[in-house]
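A structural walkthrough
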Amino acid sequence: MKKLVLITVCLFSILSMYGREYKNIIFMVADGTSTAGLTLTRWYNYYLDSTRTQLALDPYFCGMVKTHSSNAPIGDSAPTMMQYMTGFLSQTGFLGMCPPPDPNDLLYIDPRSAYRPRMTVMEAARIFKNKAIGLAFTCEFPHATPANTTAHWHKRSEYAVIADQMVHNQIDVVFGGGASLLSTENQKFLAEQNYTVCLNDLTKFRQLQTPSCWALFGKTALPNELDRDTLKYPSLAEMTRKAIELLNQHKEGFILMVEGSKIDWAAHRNDAIGMISEIQSFDAAVQEAIRFAQADGNTLVVVVSDHGNSGISIGNSLGDNFYDKLSLYDLMEPLAHARMTAEGLANYLIPLSKDSIPAMLKREWGMEISIPEINLIEYARQNYRKNPNGKNKDFYIDQIANVMKQRSYIGFTTRGHTGETVFLAIYSPDGQHPQGLITAPQLNAYLCEASGIHDKLNQLNEEYYCPVADLFREKSYKIETIEKAGKFYLVIRNKQHQIRLKAYNNQVEQGKDKMYYTQTPAIYVDKTGKWYVSREIKQFFE
């Protein structure tokens with residue numbers, strides 16, 4: 001333990017030389033984006049317009065980040081984002097919560113910390129520095145990256161548990177996808193807390209004037225940028241601009257997390273035009289952030305990826321014998337006529353006849369397709385129509401994406417994540433920031449330093465995610481877990497007082513009529529039967 005403390009102190013001492021505390025931080029994550037994806041987007045932009053030689057983030061590249069899971073070199077979004085937010089490495093599926101030890105661990109994992117929540121830099125900035133916090137993203141709100149800012153759970157797919165925590169963790173601004181995932185109960189709670197909630201209402205979103213608002217669009221994720229109906233859905237750049245406008249009203253400053261969520265999704269599809277258009281969308285959001293930061297003078301912008309995906313390359317086996325003779329036209333022309341992503345085209349084709357498939361590919365992608373390709377797409381489409389589950393949809397979209405793959409010199413090695421180091425770009429007003437190759441926990445330490453939390457993240461974790469058994473050690477207290485209709489409640493009583501807490505909720509009931517609110521939600525971990533609560537609840541017994 002002494003060695004760990006010494007390493008932590010040294011880490012913060014080193015990082016303190018990188019500059020001062022900033023009033024505002026905009027932390028931007030290009031999910032699943034490799035440097036090859038950025039390079040492809042630059043060439044594509046240049047091919048369409050020779051004046052577009054740079055991405056908005058290009059002047060601010062300063063290094064690379066080593067990301068991975070605690071037990072695997074190839075990371076997933078949940079554990080890699082957890083590193084950025086908490087400084088702790090974790091396993092696939094875990095959000096803001098320590099994993100149990102694994103035989104393949106790449107570093108020591110303390111078994112005593114298994115399934116214990118870890119406070120995030122955004123929670124800490126809200127509590128310790130009184131900063132406003134906000135999120136803007138294009139996936140559904142309980143998805144891994146946005147969820148990792150304010151939720152703590154061991155299974156990223158359990159959206160109901162995650163959504164409850166996010167709703168009860170006092171996020172000032174939430175913009176993104178997932179309107180169907182905000183339950184009626186959570187909508188009611190937000191309204192009671194004086195939040196403005198708008199679901200699938202672009203006009204209302206654009207009219208928002210003050211912080212404390214949730215604006216969600218789409219049943220789950222937002223449409224891909226290339227497929228987006230601009231009359232129904234905002235772009236990531238617009239959500240970023242609006243979030244900054246609202247959060248900037250807070251006199252103590254803010255932290256905003258922005259995610260280009262669907263770059264990763266297009267990479268999983270091996271959809272080159274999908275990746276390009278999503279990177280373009282993310283880069284437009286970066287431009288909004290940089291523009292604000294330059295005008296403000298007290299805002300730090302950190303832009304990073306979390307992991308690679310798809311092994312995308314400019315050049316593939318089709319050009320093995322003449323790769324150095326391929327012109328820009330050869331490389332970009334097969335992509336240049338695409339007006340939809342593979343997913344958008346698949347959705348458009350669902351209700352149409354088989355005979356429509358060749359004409360639609362020609363119209364939307366500028367490509368002639370063969371009879372075997374038509375038959376394979378039709379086979380996949382019919383399977384999906386009969387049983388529209390995720391696996392059938394993936395197979396259906398993949399068959400359409402394959403049409404472009406087989407006609408271009410853009411290569412893919414996998415439909416999964418890849419284990420390379422990822423890019424780091426930083427705009428800081430004083431020009432002092434990390435450079436070279438750093439680790440994800442080191443980036444977390446830099447965010448803590450820049451937001452004024454410094455080395456207090458562990459201390460705040462002990463304060464706001466304390467094991468209830470440690471907080472109420474005296475024999476005079478009775479602690480009871482009650483399950484009712486699938487919900488978990490914690491009841492604590494002594495001879496004088498009794499309080500009740502609901503899992504994943506920040507409300508404290510004292511008696512029949514008194515309701516109080518804690519800084520963080522109470523976490524009940526079903527794997528261990530343990531509760532983690534804010535120490536402030538002890539005051540109800542004093």
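Preceding this paragraph is the structure being described.
Residues numbered from 1 in each chain as written. Predicted model: local features only at pLDDT ≥ 70, side-chain atom pairs only at ≥ 80, totals over all residues. Heavy atoms only, no water.

1. Regarding the overall build of the protein
Rules: Under the DSSP-based scheme used, a helix requires at least four consecutive residues in state H or I and a strand at least two consecutive residues in state E, with every element numbered from the N terminus. Just to be clear, the radius of gyration here is over C-alpha atoms, and the globule rule we use is 2.2 Å times residues to the power 0.38. Only protein chains enter the area calculation, which uses a 1.4 Å probe; residues under 20% of their type maximum are buried, those over 50% are exposed, and those in between are partly exposed. Contacts between residues were defined by any pair of non-hydrogen atoms, one from each residue, lying within 4.5 Å. Note that accessible areas follow from Shrake-Rupley with a 1.4 Å probe, and for residues the cover is restricted to the protein chains shown. Residues scored as charged are limited to Lys and Arg (positive) and Asp and Glu (negative), so that His and the chain ends carry no count. Positions of charges follow a simple convention, taking NZ of Lys, CZ of Arg, CG of Asp or CD of Glu.
Assigned secondary structure in the protein consists of 19 helices and 22 strands. Its C-alpha radius of gyration of 24 Å places the protein within 12% of the 24 Å reference for a compact globule of 542 residues. With the C-alpha coordinates of the protein rotated into their principal frame, the extents come out at 80 × 55 × 50 Å. In the protein, which comprises 542 residues, the share counted as buried stands at 57%. A separation of at least 24 residues holds for 71% of the contacts in the protein among residues at least 6 apart in sequence. Total accessible area on the protein stands at roughly 22,600 Å², and carbon and sulfur atoms take up 50% of it. Where the 56 positive side-chain charges of the protein centre and where its 57 negative ones centre are 6 Å apart.

2. Examining the side chain of N71
Mapped onto the secondary structure, N71 falls in the loop between β2 (61-66) and α3 (77-86). Residues in contact with N71, not counting those within four places in the same chain, are Q91, D102, N104, D105 and L106.

3. Structural notes on the packing of aromatic side chains
Rules: Here is the rule: rings of Phe, Tyr and Trp (six-membered ring for Trp) pair when centre to centre is within 6.5 Å. Planes less than 30 degrees apart are stacked, more than 60 are edge-to-face, and the remainder are tilted. As a reminder, the over-ring test applies to NZ of lysine and CZ of arginine, requiring each to be within 6 Å of the ring centre and within 35 degrees of the ring normal.
One pass over the structure, following the stated rule, counts 20 aromatic pairs. Taking 5.8 Å as the distance between ring centres and 90° as the angle between the ring planes, the aromatic pair formed by F205 and F217 counts as edge-to-face. With F205 in helix α8 (residues 202-206) and F217 in strand β6 (residues 213-217), the pair connects residues that are twelve residues apart, well separated along the chain. For F205, a relative accessible area of 0% gives the class buried. The ring of F472 has K538 sitting right over it, with the charged end atom 5.4 Å from the ring centre.

4. Overview of the environment of V121
By the secondary structure assignment, V121 is in helix α4 (residues 121-129). On the accessibility criterion, V121 (3% relative accessible area) is buried. A C-alpha to C-alpha distance of 34 Å links V121 and D227, two positions 106 residues apart in sequence. Dropping the residues within four chain positions of it, V121 is found in contact with Y84, M85, I255, N444, L447, C448, S451, I453 and L457.

5. Here's the deal with the sheet that holds strand β16 (residues 478-484)
Selection criterion: Pairing between strands is defined by DSSP: at least two bridges between the two strands are required. For helices, the axis comes from a line fit to the C-alpha atoms of the stretch in contact; other axes are also lines fit to C-alpha atoms, and the angle between any two N-to-C directions lies between 0 and 180 degrees.
In spatial order, the strands read β16-β17-β18-β19-β20; together these five strands make up an open sheet with antiparallel pairing. The sheet is open, and its two edges are formed by β16 and β20 (514-517), each paired on a single side. Here the average twist between neighbouring strands, direction ignored, is 25°. Sheet topology note: the strand β18 (residues 498-502)/strand β19 (residues 507-510) ladder contains three bridges and is antiparallel. Bridge pairing links I499 to Q510 in β19.

6. Examining the nonpolar core
Keep this limit in mind: Residue types Ala, Val, Leu, Ile, Met, Phe, Trp, Tyr and Cys, when buried and joined through side-chain atoms within 4.5 Å, form a set referred to as a nonpolar core.
Counting residues in each nonpolar core, the largest one holds 88 residues, and the members touching the most others are F27, W214, I492 and I537. Ranked by residues supplied to this core, first place goes to helix α17 (residues 440-451) with six residues. When residues no more than four places from it in sequence are discounted, the contact partners of I537 are L471, F472, I492, I499, L501, V508 and T518.

7. Remarks on the packing of helix α13 (residues 342-349) against helix α14 (residues 356-365)
Our working rule: Left-handed describes a crossing whose near helix is turned anticlockwise from the far helix through less than a right angle; right-handed describes the clockwise counterpart. Under the convention adopted here, Pro, Cys and the residues Ala, Val, Leu, Ile, Met, Phe, Trp and Tyr are nonpolar, Asp, Glu, Lys and Arg are charged, and Gly plus all remaining residues are polar.
Between α13 and α14, the least distance of the axes is 11 Å, while the angle of their chain directions is 145°. Between α13 and α14 lies a crossing of right-handed hand. Facing α13, whose interface residues are A342, L345, Y348 and L349, α14 presents I357, M360, L361, R363, E364 and W365. A class-by-class count of the residues in the contact of α13 with α14 yields eight nonpolar, no polar and two charged.

8. Description of the pattern of salt bridges
Note the following rule: Put simply, a salt bridge is a Lys or Arg side-chain nitrogen that is within 4 Å of an Asp or Glu carboxyl oxygen.
Summed over the entire model, instances satisfying the criterion amount to 24 salt bridges. Note that K262 and E343 form a salt bridge whose closest N and O atoms lie 3.9 Å from each other. Remark: E343 occurs in helix α13 and K262 occurs in helix α10 (residues 262-268); sequence separation between them is 81 residues. Between R381 and E378 there is a salt bridge; the shortest N-O distance is 2.8 Å. Of this pair, R381 and E378 both sit in helix α15 (residues 371-386), three residues apart, which is roughly one turn of the helix. Since its relative accessible area comes to 11%, E378 is described here as buried.

9. Observations concerning the sheet that holds strand β14 (residues 436-439)
In space, the ten strands of this open sheet follow the order β5-β6-β4-β3-β7-β1-β8-β13-β2-β14, with mixed pairing throughout. Looking at strand neighbours, the two that pair on one side only are β5 (196-199) and β14, the edges of this open sheet. Geometrically, the sheet is characterised by an average inter-axis angle of 15° between neighbouring strands, direction not taken into account. Sheet analysis places β2 next to β14, joined by four bridges and oriented parallel. Looking at β14, one finds that V65 is bridged to I438. Taken strand by strand, α3 contacts β1 (24-30), β2, β7 (254-260), β8 (299-305) and β13 (422-427), and its axis lies near 165° from that of β1.

10. What to know about the environment of N194
Residue placement: N194 occurs in the loop between α7 (184-192) and β5. Given a relative accessible area of 65%, N194 falls into the exposed group. Separated by 169 residues in sequence, N194 and R363 have C-alpha atoms that sit 48 Å apart.

11. Comments concerning the side chain of D264
Structurally, the position occupied by D264 is in helix α10. Of the side chains with opposite charge, R156 comes closest to the buried, unpaired D264, at an N-O distance of 6.7 Å. Setting aside residues up to four positions removed in sequence, D264 forms contacts with D31, G32, H307, N309 and H417.

12. So, a nonpolar patch on the surface
Filter applied, for reference: Grouping into patches uses exposed residues only, defined as over 30% relative accessible area, and leaves out salt-bridged ones; the cut-off is 9 Å for like charges and 5 Å for nonpolar side chains (Val, Leu, Ile, Met, Phe, Trp, Tyr).
Together, W43, Y46 and I314 make up a nonpolar patch on the protein surface, roughly 270 Å² of accessible area in all. For Y46, the location among the structural elements is in helix α2 (residues 35-48). Residue Y46 is classed as partly exposed on the basis of its relative accessible area of 34%.

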